[in-house]
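Geometric and topological summary
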Amino acid sequence: MRSNRRWAVGLLSGIVLSATALAQTPGHRPDAQFAHGFESVDQGPTRDADAARFLAQATFGPTTSSIARVRTLGYRGWLDEQFAMPVSTSEPYLDWVAGLPDNNDVTDDARLEIWAINAIGLPDPSRGNAVPADALRQRVAYALSQIFVVSNGNGTLNYQPWALASYQDMLAARAFGNFSDLLRSVTLHPAMGIYLSMLQNQKEDEERNIHPDENFAREVLQLFSVGLVRLNPDGSEIVQGGVPVPSYSQATVRGFAAVFTGWNWSNAGCGPNTYTCCNEETYFWCGPSNRDEAPWQQPMQPVEAYHDSLNTKQLLVYTGAALPGGVLPAGGSAQADLDAALANIVRHPNVGPFIARRLIQNLVTSNPSAGYIRRVAQAFDDNGQGVRGDMKAVLRAVLLDVEARYGHWQRADTFGKLREPLLKFTHLWRAMDARSANRRVGNLSTWPYLEERIGQAPLRSPTVFNFFKPDYSRPGEVRSAGLRSPEFQILSDTLAVGTPNRLFYEVFCYYTGSDRCWDSDAPDTLQMNLARDAPLAASDPAALLDRYNLLFLSGQMSPFMRARLLQQLQQLTANDYGSALGRVRVQNALYLIVNSPEYSIQK
Amino acid sequence: MHSNRRDFLRKSLAAALAGAGAFSALGNLRIVAAAANQPRYRFGDYKALVCIFLSGGNDSINSIVPYSTAQYADYLRSRNGLASAGGLALGQSAVQAQSLDALANVPGLPGGLPGDGGSYGLHPSLAPLRTLFNTEKMAVVANVGTLLQPTTQAQYQAGSVPLPPQLFSHDDQSISWQTGRPDDANADGWGGRIADLMYSANAGAGPMSISLANENRFLRAAVINPYAMDASGVDRMSFLGDGSESWIMGDNPGGAAAYRALIAEGTQAHVLERAYAQASGSAIDNYEIVGAALDAAPPLTTVFPDSDLGAQLAMVARLIGVRAALGMSRQVFFVSTGDYDSHDGQIANQGDNLAQLAAAMAAFHAATGELGVANDVTAFTASDFGRSLAVNGDGTDHGWGGHHFVLGGAVRGRRFYGRMPSLAQNTKKNPLANPDDTGYGQIIPTTSVDQYAATLASWFGVTAGDLADIFPNLHRFDATNLRFLG
């Protein structure tokens, strides 16, 4: 446990250094806050700006009320409150839509509606207009969906919104439990069974030259747990003779592939009047017929006849592995082999730093220090009560680490990450009290599809490698500096225009009282409450910018940016706009802020 | 904005470089300036390379299939019998109906018959490519894959030679294919390296390397940023006032200037903010050049199929059509389609994928004819890997070597280059039945990606010396040029 004094001194020298650099580029950085950054995390936040900054990391965007809540409870207290909040689910909403008298087509866009309702915290018409309050859990579930990827990009899943909603609900339900339960639930969810072809995988048959499908076996190791190369506890690669050491071999992939054989649809609800139960005879043609049937949402179950119990299986080898030489003996049932294999994965020393880096990159910063990764990995290894894989401990470590709370002062010019396009939308909707007339949400059902307009959409990744990779480094200065910048991988020239254009449409079309665009006042259009801030914008645009500095930039707007925005707002006058002046100034402020470099980089 | 961007670059370089730190966004332009002042290449002619990346790993064993007796028997057995009976093998007569009638070898030159004594035909969905092959516009390059050096089965099994790392991993193998550098996970793409070297040979300011499939490693370069655009065309930024939806905000005086001020050079202290600003600025610059060129060009008459790949290749054809407006005498394109990762349901999935591929490639070749550049444009397929000879039920797993197509008027078509591998099944009783198999159903490549890519690059105009820089392992292989482009 580091002493407050030691890191305070380090922090001070960091601030002195950035003050020197400030002289070179005057006014283009946030004002240094000498009075702050020295309190321990347990005493903070002491400013609204720090609360907002925390919420930008921990939720889909700060709001006035959530800022106040964090100020009241403190960081830890807010996390504890969030850990205890009931889970907001998405599957019931699809049932509700299906039961409506019209507009009751349950497409994948309907799934995006409930995703938005839960992410933004809108009253949920399928649950008596209850407002989702589990903001942290929803944000973490989104982060997990970018690690344990399934996607409607797979042909089968494209028509299975119930399966994908169920997968989302599973991630949300498991987000604060133990990693081993999360991994098990991911492994056995039928959406994953379809996506990485573990469902109906069969043991080898030499006569017919059939080998078990290796798809899930490979990706569960490469992308969900261990990664390709062995890691030190601080996330750095272990190198021998100048070459990174692989974590596993092709033989290991084959070993796991043999473990993941014999798993099929749940038999819940199966029968002569519904759909075929899965057994040895029906193995390849059993299962649900309709999208809303139970097996799409229940864990897979084993059919022993198709499970490989004849062969030994090479699993992961590492110091402390329970299995000698990592070899799983023959003779196990499908369930026993799966349990042993998942345990073999979860205890691998890579998992802590692997998951630590991905969660830090997803929530806080693209370039965590080795120390930050190590501290979070330690929390994964042991939550302080001897438990490995406690996700609450991991999340506390990610969000309360000194680097998460103060990294933007320590490394002012490199800390942070490019905000994902989708998070700009959720942030706007949350901050601007967006509501729709009929409590549905049509805004994400764009044409072309949202993932083509802005480069991403929930559970719609183009491949199992997510929208962007953790190691992506933008060519040019970023790469020369040895920095990673994952989210830049979807900042193509088209998307660098497409996302701002979609944000333009939101800001200039979708506000309460608007009929500017053809769908401005459609009953399911989420409209922002621009009128709330219009009077302030008309009478005191500088104060408007102060408010948006807090809500959007967590108090980090540079003097340069503030001056330039103020100049623009003042250029718009009542002569030109009359009573609409306030709203037009709000629109200009919002558009310029959300597309600005300073806001686009979450620090 | 800047109608002649190269002049703009030259004029502003001195001022910019004087004040810029080592990591200024303009710092890298020092290299461009050097190249601009002393061009390494000069071209009086035009050429374009088009990489068609089949994402996920195409099963080439079911794409180019033997119908000769002995080879078909091996294929049928290894693929667990006919697809109609639950296996994965295509029917012999269906394949023979799509026969690739290869020319005999010319003494002294590579290319000709398949090399294993067999006769091959195409997957029926690839029918349009049969015509292109048999009319000498297309060639097959056999069993290409990532290699660090020529590798035999014995060496693979003994582990006695270095192998490309992370074989069978999509990500790593896609990258190795696109860089030609399995020995360097951080290498730029070979298309990007060519753009770095040749950009200054172009007279104009337009982007030289263009992707229709978002970010990719193939076009990643040290200096020359690829332009990643959408097949549907170029959109302008609404807030700047000249977009199709700009009317929504009305006049909005000062808005565009304020936006530009916030992304202007030199106004960001943070590295990532600078990168974001630069990305936004160059997107605007590029759409102004490319959008204007496309808007002014007459439409093509060639009809492209209404598919994702069809749309991408249609836009490539249009961009080739405006090469003069862009000022380009050399262009490199990247398109991508898939999912070819047929672990499951391969018969249906691959059938659809290959139909889309063939229709789009045929239309593209026709469009190059319409534009009068059929002999100047070479399209070539690439993929993460081929797939396993063995099946997993109704699909296949990740393999290694795979066959590919090269298409264009300059291709020495109607020939196979390299050797088609054995399709025999290794069994526990007869573990060495197939000498081309790793031992588990993945075929060891007999042609390296280096050789394949270097042949294309050489045709494109890269000198022998620069080829050795771009492909430093090329010398380990017998032939540094496969001669499918003369």
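For the structure, see preceding data.
All values reported here derive from a predicted model rather than from experimental measurement.

Next up on the list: the overall build of chain A. For chain A, the helix and strand inventory stands at 26 helices and eight strands. The C-alpha radius of gyration computed for chain A amounts to 25 Å, which stays within 12% of the reference 25 Å derived for 603 residues, consistent with globular compactness. Projected onto the principal axes, the alpha-carbon positions of chain A cover approximately 85 × 65 × 40 Å. Counting every position in chain A, which comprises 603 residues, the buried fraction comes to 63%. Long-range contacts, defined as pairs at least 24 residues apart, comprise 70% of the intrachain contacts of chain A with a sequence gap of at least 6. Total accessible area computed for chain A in this model is approximately 20900 Å², and 51% of it derives from carbon and sulfur atoms. Treating the 54 positive side-chain charges of chain A as one cloud and the 59 negative ones as another, the clouds have centres 8 Å apart.

One broad trend across soluble globular proteins is that nonpolar side chains are buried collectively. Within the largest apolar cluster, 292 residues are counted, with the highest numbers of intra-cluster contacts made by F148, F224 and F552 of chain A together with W190 of chain B. Apart from residues lying up to four places away in sequence, F552 of chain A is in contact with R419, H427, L428, A431, M432, L590, I593 and Y599 of chain A. Among the nonpolar cores identified, the runner-up in size contains eleven residues, and I61, Y75, L90 and V95 of chain B belong to it.

The next thing to look at is the pairing of strand β4 (residues 138–145) of chain B. Residue and element names in this part refer to chain B. Across the eight residues of β4, eight count as buried, placing the element largely inside the fold. By the bridge criterion, five bridges tie β4 to strand β11 (residues 402–407) in an arrangement that is antiparallel. Across the sheet, the residue bridging to V144 is G402, located in β11. Of the pairings in the sheet, the one linking β4 to strand β12 (residues 416–417) comprises two bridges and is parallel in character. From the neighbouring strand, V140 faces β12, where its bridge partner is F416. Here two bridges tie β4 to strand β13 (residues 447–448), and the two strands are oriented parallel to one another. Bridge pairing in β13 links V144 to T447.

It is worth spelling out the side chain of D397 of chain B at this point. Note that D397 of chain B resides in strand β10 (residues 396–398). Although D397 of chain B is buried, it makes no salt bridge; R387 of chain B carries the closest opposite charge, 5.4 Å away. Ignoring sequence-local partners within four residues, the contact set of D397 of chain B consists of P212, D213, E214 and N215 of chain A together with H343, R387, S388 and N392 of chain B.

This part covers helix α23 (residues 559–571) of chain A. Relative to the 18 Å expected for 13 residues at 1.5 Å per residue, α23 of chain A spans 18 Å between its end C-alpha atoms, a close match to the ideal helical length. Of the positions making up α23 of chain A, those classed as buried are M561, R564, L565, L566, Q568 and L569 of chain A. On the buried face of α23 of chain A, the contacting elements are α22 (541–553), α25 (581–594) and α26 (597–600) of chain A together with α9 (255–263) of chain B.

This next bit is on the state of the cysteines. All names here are of chain A. Under the defined criterion, the tally for this structure stands at three disulfides over all chains. Put simply, C270 and C277 are joined by a disulfide, and their sulfur atoms are 1.9 Å apart. With the S-S dihedral at roughly 95°, the linkage between C270 and C277 falls on the right-handed side. Between the sulfur atoms of C278 and its disulfide partner C286 the distance amounts to 2.1 Å. Its S-S torsion of about 95° marks the bond between C278 and C286 as right-handed, since a negative value means left-handed. Residue classification places C278 among the buried residues on the basis of a relative accessible area of 5%.

On to helix α7 (residues 161–174) of chain A, then. All names here are of chain A. Taking 1.5 Å per residue as the helical rise, α7 with its 14 residues ought to reach 20 Å, and the 20 Å between its terminal C-alpha atoms agrees with that figure. Of all the 14 residues making up α7, twelve are buried; the element is thus mostly covered by neighbouring parts of the structure. For α7, the complete set of buried residues consists of P161, W162, A163, L164, A165, S166, Y167, Q168, D169, M170, L171 and A172. Buried-residue contacts for α7 involve α4 (91–98), α5 (108–120), α6 (135–145), α8 (179–188) and α9 (190–195).

Before going further, it helps to spend a moment on the side chain of Q489 of chain A. With respect to the secondary-structure elements, Q489 of chain A resides in the loop between α19 (477–480) and α20 (493–509). In terms of polar contacts, Q489 of chain A uses its side chain to reach the backbone amide nitrogen of K469 of chain A, at 2.9 Å. In this structure the side chain of Q489 of chain A is engaged in a polar contact, spanning 2.7 Å, whose partner is the side chain of E215 of chain B. With residues up to four places along the chain from it excluded, the contact list for Q489 of chain A reads F468, K469 and Y472 of chain A together with E215 of chain B.

Listed per partner, the contact involves 79 residues of chain A and 78 residues of chain B. Summed over both sides, the interface of chain A with chain B buries roughly 6800 Å², with 56% coming from carbon and sulfur. Sorting the residues of chain A by area buried against chain B places N209, E477 and D493 of chain A first, and these three jointly supply 10% of that buried surface. Scanning the region where chain A abuts chain B turns up five salt bridges. A salt bridge links E204 of chain A to K428 of chain B; the shortest N-O distance between them is 3.4 Å. The interface formed by chain A and chain B contains 38 residue pairs in polar contact (both at pLDDT 80 or more). At ten residues, the largest contribution of residues to the side of chain A that touches chain B is made by α20 of chain A. Per-class residue counts for the side of chain A that touches chain B are 32 nonpolar, 24 polar and 23 charged.

The next subject is the pattern of salt bridges. All names here are of chain A. This model, assessed by the stated rule, comprises 42 salt bridges over all chains. E451 is the salt-bridge partner of R460, the closest N and O atoms lying 2.9 Å from each other. A salt bridge links R484 to D471; the nearest nitrogen and oxygen atoms lie 3.0 Å apart. Note that R484 is positioned in the loop between α19 and α20 and D471 in the loop between α18 (450–454) and α19, a separation of 13 residues in sequence. Residue classification places R484 among the partly exposed residues on the basis of a relative accessible area of 32%.

Further remarks concern empty space enclosed by the protein. Residues and elements named next belong to chain B. Across all of its chains, the model carries 14 cavities of 30 Å³ or more by this definition. Estimated volume of the largest cavity: approximately 320 Å³. Of all the elements in the fold, those that place two or more residues in the lining of the largest cavity are β6 (227–228) and α10 (271–296). Ranked by the residues each element gives to the lining of the largest cavity, the list is headed by α10, at three residues. Its residues assigned to classes, the lining of the largest cavity comprises eight nonpolar, eight polar and four charged.

Parameters and conventions
- Residues numbered from 1 in each chain as written.
- Chains lettered and ligands numbered in written order.
- Predicted model: local features only at pLDDT ≥ 70, side-chain atom pairs only at ≥ 80, totals over all residues.
- Heavy atoms only, no water.
- Helix = DSSP H or I, 4+ residues; strand = E, 2+ residues; numbered from the N terminus.
- Rg over C-alpha atoms; globule rule 2.2 N^0.38 Å.
- Buried < 20%, exposed > 50% of the residue type's maximum accessible area, 1.4 Å probe, protein only.
- Contact = heavy atoms within 4.5 Å.
- Areas by Shrake-Rupley, 256 points an atom, 1.4 Å probe, with all protein chains shown as cover.
- Lys, Arg positive; Asp, Glu negative; His and termini not counted.
- Charge placed at Lys NZ, Arg CZ, Asp CG, Glu CD.
- Core = buried A, V, L, I, M, F, W, Y, C linked by side-chain atoms within 4.5 Å.
- Pairing = 2+ DSSP bridges.
- Salt bridge = Lys/Arg side-chain N within 4 Å of Asp/Glu carboxyl O.
- Expected span 1.5 Å × (residues − 1).
- Disulfide = S-S within 2.5 Å.
- Polar contact = N/O pair within 3.5 Å; in protein donor to acceptor, adjacent residues only side chain to side chain.
- Buried area = accessible area lost by both parts, 1.4 Å probe.
- Nonpolar A, V, L, I, M, F, W, Y, C, P; charged D, E, K, R; others polar.
- 1 Å grid on protein atoms, 1.4 Å probe; cavity = no way out; pocket = protein on both sides within 12 Å on 5 of 7 lines; lining within 4 Å.
- Points joined across faces, edges and corners; volume = space filled by probe spheres on them.

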